[in-house]
Amino acid sequence: MNTKFLDLLAQKFDCEEKVVTEIINLEAILNLPKGTEHFVSDLHGEYQAFQHVLRNGSGKVKEKIRDIFKTELSETEINDFAALVYYPEDKLKLIKSNFDNKEELNIWYKEKMEQMIQLISYASSKYTRSKLRKALPTQFVYVVEELLYKTDEYTNKKPYYQKITQEIISLGQADKLITGLAYTTQQLVVDHLHVVGDIYDRGPEPDKIMDTLINYHSVDIQWGNHDVLWIGAFAGSKVCLANIIRICARYDNLDIIEDVYGINLRPLLNLAEKYYEDNPAFRPKIHSSKPLTEEQSQITKIHQAIAIIQFKLESPIIKRRPYFNMSERLLLEKVDYEKNEITIYGNTYPLENTCFATINPDQPDQLLKEEEQVINKLLFSVQNSEKLARHMKFLMKKGSLYLKYNGNLLIHGCMPIDNQGNMEQMQIEDQTYAGRNLLDVFEQYLRYAFSHREKTDDLATDMAWYLWTGEYSSLFGKRAMTTFERYFINDKTTHKEKKNPYYYLRENEETCRKILEEFDLDPDQGHIINGHTPVKEIDGENPIKADAKMIVIDGGFSKAYQSTTGIAGYTLLYNSYGMQLVAHQQFKSKEDVLLNGTDVLSVKRVVDKELERKKVLETNVGKELLEEIDMLKSLMEYRYMN
Ligand SMILES: O=P(O)(O)OC[C@H]1O[C@](O)(COP(=O)(O)O)[C@@H](O)[C@@H]1O
Ligand SMILES: [Mn+2]
């Protein structure tokens, strides 16, 4: 091993004892049970529902409470205690308003602190003390450790422990301590979070989800097509930018753009007011049946203005990148502007709800000067939004197109394959890629675009858009996105988006094994975990496919999609005993949980059971620890053994 490196390491481990202690510590960790992984996907801006799933650890928190207190507490008391762990600040307020004297409250405080300590002691039983210490509320570490590790065999210390809790109460620290311990419990129950894509779009608060993830103790993200759309916009893709604004307008979420990220929509509004009228196809989704307010009428116009800009911007990309194989999507050129009809795939359809005031039939993809100015101003504003920069940088730092983690393959959409199950090949410039290589190249382009944000029409930037909507994008995986048809053609057959064969071949175990092998994963042990396509429980679809090689966890946090799925999302848990899939019923509100103690009913299905409890040694983290141990042993030999 490099002696310079060992010299550096010796600065941290500057005596033999330190090296020995660390080696023993790491070896011990390797033999602990593996921590719990929590998988979620397709959050789509639904911050409240996501918060709930995160805070209750997909039911794990209540399970632990029940394990310890099932004989002592009634079901209502268990629910109340669980609500206290999920939402400590709010629940404390609510409970305190029910007491009318201090003595009773103090008794309650004492009891809850003791129960919290018991819960933490149980929830942390598979972690080292040092890990638990890091999860404790910093200002109370000393006190909590005293209470946690009390050895009271001879009852000598009883008054001492009682004194500690009394003091906490009399010094007015009980609320703070209970709150801190509640968050510690949440953190202990889930060791690591995977977000399998689609944080953004449709729902109202993606920014708050991002802030939550930024503050979360351990997380990785597999980008979804909607996330890449936002990354693309920030990286300089005007067509991605037009898309994010269009989707925000469609779902009545323009305040995310304006108020949250501080992007000025005024120039776009002016353009929209000038060229567009009311149009039923472009009214914000949720309000389509009600009479329009002034604001909604503005949104309807903005929606049309930005959709037309988007369609115009697609055209030059399709032309300069023939290997995107999207010439069928040069739709503006296929419109007969006199007859108001379109001919696509050999059929002619009448167009409805058109809004082509800014289109010159001779050069339909040409932006008006005004449109060009608007999109340029928007891009400037987007690229200079501090908050957006923070969120996008985090997405890049913690995110990737796919992830191999503890033997599993996490990927938002699909692995593009043909109907024989072979990896699809895609030509990019003069090279051809397939399988894992193709995905690696996609990711390289996205990272390049992100670090060269001043370039707006180079291949890397165009590729960000391809990832949103391209046939062989592993985030999308459909032949084409029929946005134009959905707005302007009544015939629903034109709205259908043909899926890559992956989406039915993944029912087949052989296909899944082959894909796992493509990523050098053990097909006997590994699973593929996908989001992206809502699993229709309503129609009897099973999210666990191909003899459990494949698990699809998009049950639809997105409210807009819950009527098609019949549930409110799946999550997956993977602990030392195996994997469990959790189906969530619709989340009403935080208030409901606080008041009625009712939790979202979660039905669990076992995916896999480990024959022997899995240890840290067998995990990704375990591999890293083994490497650290090797280095420390080398240091030991180099520095301290001769
Ligand atoms: O329901 P909407 O807003 O019309 O969106 C439909 C579009 O969203 C997509 O399903 C992509 O979004 P998802 O990744 O959430 O599936 C497209 O395939 C489709 O054209
Ligand atoms: Mn998706």
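Residues numbered from 1 in each chain as written. Chains lettered and ligands numbered in written order. Predicted model: local features only at pLDDT ≥ 70, side-chain atom pairs only at ≥ 80, totals over all residues. Heavy atoms only, no water.

Side note on the packing of helix α7 (residues 102-123) against helix α11 (residues 174-189)
- The interhelical angle for the contact between α7 and α11, taken along N-to-C directions, is 20°, at an axis separation of 10 Å. As summarised for this structure, α7 and α11 are arranged roughly parallel, according to the angle between their axes. The hand of the α7/α11 crossing is left-handed. The residues of α11 that touch α7, namely those facing W108, Y109, K112, M113, M116, I117, L119, I120 and A123, are A174, D175, L177, I178, L181, A182, T184, T185 and L188.
- Its residues assigned to classes, the contact of α7 with α11 shows 14 nonpolar, 2 polar and 2 charged. (Axes fitted to C-alpha atoms, helices over the stretch in contact; angles between N-to-C directions. Helix = DSSP H or I, 4+ residues; strand = E, 2+ residues; numbered from the N terminus. Parallel < 35°, antiparallel > 145°, perpendicular 65-115°, else oblique. Left-handed = near helix turned anticlockwise from the far one by under 90°. Contact = heavy atoms within 4.5 Å. Nonpolar A, V, L, I, M, F, W, Y, C, P; charged D, E, K, R; others polar.)

Looking at the nonpolar core
- In this structure, W230 and I428 are the most contacted members of the largest nonpolar core, which totals 199 residues.
- A per-element tally of this core places helix α17 (residues 294-320) first, with 11 residues.
- Here this core spans two domains, since at least three of its residues come from each of domain 2 (33-196 + 531-604) and domain 3 (225-488).
- Setting aside its immediate chain neighbours within four residues, I428 contacts Y323, Y433, L438, V441, F442, Y445, L459 and M463.
- Judged by nonpolar contacts, the second largest core, of 16 residues, contains L6, F13, I629 and M636. (Core = buried A, V, L, I, M, F, W, Y, C linked by side-chain atoms within 4.5 Å. Buried < 20%, exposed > 50% of the residue type's maximum accessible area, 1.4 Å probe, protein only. Domains from an automatic or database assignment.)

Details of the packing of aromatic side chains
- Taken as a whole and judged by the stated rule, the model has 20 aromatic pairs.
- Their ring planes at 70° and their centres at 5.5 Å tell us that Y337 and F356 sit as a pair that is edge-to-face. Remark: F356 occurs in the loop between β6 (347-350) and α18 (369-383) and Y337 occurs in the loop between β4 (335-336) and β5 (341-344); sequence separation between them is 19 residues.
- When the ring of Y487 is compared with that of F488, the centres are 6.1 Å apart and the planes differ by 50°; the resulting orientation is tilted.
- Owing to a relative accessible area of 0%, F488 belongs among the buried residues under this scheme. (Phe/Tyr/Trp six-rings, centres within 6.5 Å; stacked < 30°, edge-to-face > 60°.)

Quick look at the coordination of the manganese ion (ligand 2)
- Ligation of the manganese ion (ligand 2) by protein atoms is provided by D198 (OD), N225 (OD1), H412 (NE2) and H532 (ND1), these donors lying 2.2 to 2.3 Å from the ion.
- All donors of the manganese ion (ligand 2) come from a single chain, and their spacing in sequence reads D-x26-N-x186-H-x119-H. Taken together, the residues span a long stretch of sequence, with H412 in the loop between β9 (408-411) and β10 (425-428) and H532 in the loop between β12 (528-530) and β13 (544-545) at a distance of 120 residues. Across the pair, exposure class does not vary: H412 and H532 are buried alike. (Donors = N, O, S within 2.8 Å, 3.2 Å for Na, K, Ca; no water.)

So, the domain arrangement of the chain
- Per the domain assignment, the segments of the chain are domain 1 (1-32 + 615-642), domain 2 (33-196 + 531-604) and domain 3 (225-488).
- A C-alpha centroid distance of 35 Å is found between domain 1 and domain 2.
- Taken together, the contacts link 6 residues of domain 1 with 5 residues of domain 2.
- When domain 1 packs against domain 2, close to 400 Å² is buried across both sides, 76% of that on carbon and sulfur atoms.
- Considering only the surface of domain 1 that becomes buried against domain 2, L32, K615 and T619 emerge as the three largest contributors, covering 74% of it.
- Taken together, the links from domain 1 to domain 2 amount to 0 salt bridges.
- Residues belonging to the side of domain 1 that touches domain 2 are distributed by class as follows: 3 nonpolar, 2 polar and 1 charged. (Buried area = accessible area lost by both parts, 1.4 Å probe. Salt bridge = Lys/Arg side-chain N within 4 Å of Asp/Glu carboxyl O.)

What about the site of ligand 1?
- As a structural note, the neighbourhood of ligand 1 is formed by 15 residues, with R202, R250, Y251, E497 and Y561 the closest of them.
- Taking D198, its side chain carries an N or O atom lying 3.3 Å from an oxygen atom of ligand 1.
- Between an oxygen atom of ligand 1 and a side-chain N or O atom of K478, the distance comes to 3.0 Å.
- Taking 470 Å² as the accessible area of ligand 1 by itself, protein coverage stands at 88%.
- Its residues assigned to classes, the shell around ligand 1 comprises 4 nonpolar, 4 polar and 7 charged. (Near = heavy atom within 4 Å. Polar contact = N/O pair within 3.5 Å; in protein donor to acceptor, adjacent residues only side chain to side chain. Areas by Shrake-Rupley, 256 points an atom, 1.4 Å probe, with all protein chains shown as cover.)

Section: helix α13 (residues 225-234)
- Counting buried positions along α13 yields 10 of 10 residues, so the element is predominantly enclosed.
- Turning to α13, its buried residues are N225, H226, D227, V228, L229, W230, I231, G232, A233 and F234.
- Taken from the residues just after α13, G236 is the one with a positive phi, measuring 115°.

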